[in-house]
Amino acid sequence: MGSFKLGGMTLKSLFSKPETIMYPVQERYKPEGLKGHIAIDVETCILCGICQKTCPTGSIVVDKAGEEWRIDRFSCVQCGACWRACPKDSLTMENTYTTPSTSKFIDTFEVHPKKPERKAAAETSEAAAAPKKPVMSIEEQRAAMEAKIANMDPEKAAKVRANFEAKIAKLQASE
């Protein structure tokens, strides 16, 4: 009975497309919405710090005085809260993964924010009519974070949760 199944699988594989790809030659298909890594457009960033405030793991640091934007990719859980909160759309969620590394490092970007320019009334009305990015509620952020840290080391997961709860408490206190 097992030989019939094996024969069927063998015949099927002869007349169908292979399941594997030739990796260096072909890139693997990246599905829509794949959360790879956060990228910044330093030309449009104004160093407002909203991304730093909304990051549940504290992996983003905005230094206005030094005009630097830093991200610790090893502690980032790719929840997307930072790019949804960015008022200038300077942050994007790229669908490619960062390159593997053998040592821990923090990506640092030099940002030179431009002075805000006065806009005409017509430009502001167009901006108001433009569709906004969906804003995640605190519960949605918590669920996204829990899904990302499910496979983490329990100690690191506890630190991430504590950091997230501290940020939520700080945001609620400021409101």
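These numbers were taken from a predicted model, which means no experiment stands behind them.

Draft legend 1. Representation of the side chain of H37 within the structure. Its location among the elements puts H37 in strand β1 (residues 37-40). Its relative accessible area of 15% is what places H37 among the buried residues. Polar side-chain contacts of H37 include one of 2.6 Å to the backbone oxygen of T96. If near-sequence neighbours (up to four positions away) are discounted, H37 is found in contact with R73, T92, M93, E94, T96, Y97 and T98.

Draft legend 2. Structural view of empty space enclosed by the protein. Tallied over the full model, the rule gives two cavities of 30 Å³ or more. Put simply, the largest cavity is a space of about 100 Å³. What lines the largest cavity is a set of 14 residues, among which C45, C48, C51, C86 and S90 lie closest to the centre. Its residues assigned to classes, the lining of the largest cavity comprises 11 nonpolar, two polar and one charged. If you add up the space inside the second largest cavity, you get close to 70 Å³. Residue lining of the second largest cavity: 15 residues in total, with C55, C76, Q78, C79 and C82 positioned closest to the centre. Among the residues making up the lining of the second largest cavity, the classes are represented as 11 nonpolar, four polar and no charged.

Draft legend 3. Structural view of the confidence of the model for the chain. Here the chain averages 80 in pLDDT, while 86% of its residues score no lower than 70. When pLDDT is averaged over each element of the chain, strand β2 (residues 60-63) comes out on top at 95 and helix α4 (residues 121-129) at the bottom at 51.

Definitions and cut-offs
Residues numbered from 1 in each chain as written. Predicted model: local features only at pLDDT ≥ 70, side-chain atom pairs only at ≥ 80, totals over all residues. Heavy atoms only, no water. Helix = DSSP H or I, 4+ residues; strand = E, 2+ residues; numbered from the N terminus. Buried < 20%, exposed > 50% of the residue type's maximum accessible area, 1.4 Å probe, protein only. Polar contact = N/O pair within 3.5 Å; in protein donor to acceptor, adjacent residues only side chain to side chain. Contact = heavy atoms within 4.5 Å. 1 Å grid on protein atoms, 1.4 Å probe; cavity = no way out; pocket = protein on both sides within 12 Å on 5 of 7 lines; lining within 4 Å. Points joined across faces, edges and corners; volume = space filled by probe spheres on them. Nonpolar A, V, L, I, M, F, W, Y, C, P; charged D, E, K, R; others polar. pLDDT = per-residue confidence, 0-100.

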